[in-house]
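Now for the letters of each chain:
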Amino acid sequence: VGRYQFDSQFSAHSEQCLIHLFLLRQPVILKFQKKVPLSEVQQYPFVSLAENTMTYALYKEFYASHGLILKPDIELATADLMVPVIRQGLGVGFIPRELVKKELEEGSIVEIEIEEKIEGRHICMVEDRQKPLSVAARHLIRLLKGKEPA
């Protein structure tokens, strides 16, 4: 995480920008009052992004590294579609914190604390220092650094 200089022409910005939370609908919280193993949570219907996404691959590998098989019950095209599905109690799933701030604050969904550590995801952007950044690229960098609201 930070800024790296490759040579006089290129530099890179790396930001940890997506911290995924394992979420579920509020009424089930009574069963998860402590950190639980991923294997215990696996008994609930799982909501995931589609198999052709990098996020799916990330969690397939995460499950495998803990001796489990990722078996989604519901697959969706985008993470923002997962929020209402989880809020309606149709399953549990990993969603970036930024997408569920409001729901977490109002308590319509809650985080399941699992024993296994989930790493944050990083975005790396390489910049050609000999060419100026576009307005959109500068805006994206400010967004990822948290210096500008979305």
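This text follows the structure it describes.
The paragraphs below set out a description of the structure included in this document. Keep in mind that what you see is a predicted model, and the values were worked out from it rather than measured.

It is worth spelling out the overall build of the chain at this point. Helix and strand counts for the chain come out as five helices and eight strands. Each helix (α) and strand (β) of the chain, taken in turn from the N terminus, gives the series β-β-β-α-β-α-β-α-β-α-β-β-α. The buried share of the chain, taken over its 150 residues, is 37%. If you take every contact in the chain between residues at least 6 apart in sequence, the share linking residues at least 24 apart comes to 71%. A total accessible area of about 9300 Å² is found for the chain, and carbon and sulfur atoms account for 54% of it.

The next point concerns the environment of Ala-79. Take Ala-79: it is sitting in helix H3 (residues 79-87). The spatial distance from the C-alpha of Ala-79 to the C-alpha of Gly-93 is 9.7 Å, given a sequence separation of 14 residues. Excluding its chain neighbours within four sequence positions, the residues that come into contact with Ala-79 are Leu-49, Pro-96 and Leu-99.

Centre distance and the angle of the planes are the two values used to describe a pair of aromatic rings. Going through the model one piece at a time under the given rule, you end up with six aromatic pairs. On the basis of an interplanar angle of 85 degrees and a centroid distance of 6.1 Å, the ring pair of Tyr-59 and Phe-62 is categorised as edge-to-face. One end of the pair is Tyr-59 and the other is Phe-62, both in helix H2 (residues 54-65) and three residues apart, which spans about a single turn. Phe-62 carries the same exposure label as Tyr-59, and that label is buried. Since its relative accessible area comes to 4%, Tyr-59 is described here as buried. Put simply, the rings of Phe-46, Tyr-59, Phe-62, Tyr-63 and Phe-94 touch in pairs and so form one group of aromatic residues.

Moving on, we get to the nonpolar core. Formed by 15 residues in total, the largest nonpolar core has its most connected members in Leu-38, Phe-62, Tyr-63, Phe-94 and Ile-114. If you list the elements that add at least two residues to this core, you get helix H1 (38-41) and H2. Here the element with the most residues in this core is H2; it accounts for four residues. Val-47, Ala-79, Ile-86 and Ile-109 belong to the second largest nonpolar core, which has 11 residues in total.

This brings us to H3. Listed in full, the buried residues belonging to H3 are Ala-79, Met-82, Val-83, Val-85 and Ile-86. After H3 finishes, the residue Gly-89 shows a positive phi value of roughly 80 degrees.

As a further point, take the environment of Lys-60. Note on placement: Lys-60 falls in helix H2. Overall, Lys-60 belongs to the partly exposed group, its relative accessible area being 47%. Residues Lys-60 and Leu-70, 10 residues apart in the sequence, show an inter-C-alpha distance of 5.4 Å.

As a further point, take the pattern of salt bridges. This structure, assessed with the given rule, holds one salt bridge. A salt bridge links Glu-103 to Arg-87; the nearest nitrogen and oxygen atoms lie 3.1 Å apart. Here Glu-103, found in helix H4 (residues 101-106), pairs with Arg-87, found in helix H3; they are 16 residues apart in sequence, far enough to count as distant. Here Arg-87 falls in the partly exposed class, since its relative accessible area comes to 29%.

What counts as what
- Residues numbered from 1 in each chain as written.
- Predicted model: local features only at pLDDT ≥ 70, side-chain atom pairs only at ≥ 80, totals over all residues.
- Heavy atoms only, no water.
- Helix = DSSP H or I, 4+ residues; strand = E, 2+ residues; numbered from the N terminus.
- Buried < 20%, exposed > 50% of the residue type's maximum accessible area, 1.4 Å probe, protein only.
- Contact = heavy atoms within 4.5 Å.
- Areas by Shrake-Rupley, 256 points an atom, 1.4 Å probe, with all protein chains shown as cover.
- Phe/Tyr/Trp six-rings, centres within 6.5 Å; stacked < 30°, edge-to-face > 60°.
- Core = buried A, V, L, I, M, F, W, Y, C linked by side-chain atoms within 4.5 Å.
- Salt bridge = Lys/Arg side-chain N within 4 Å of Asp/Glu carboxyl O.

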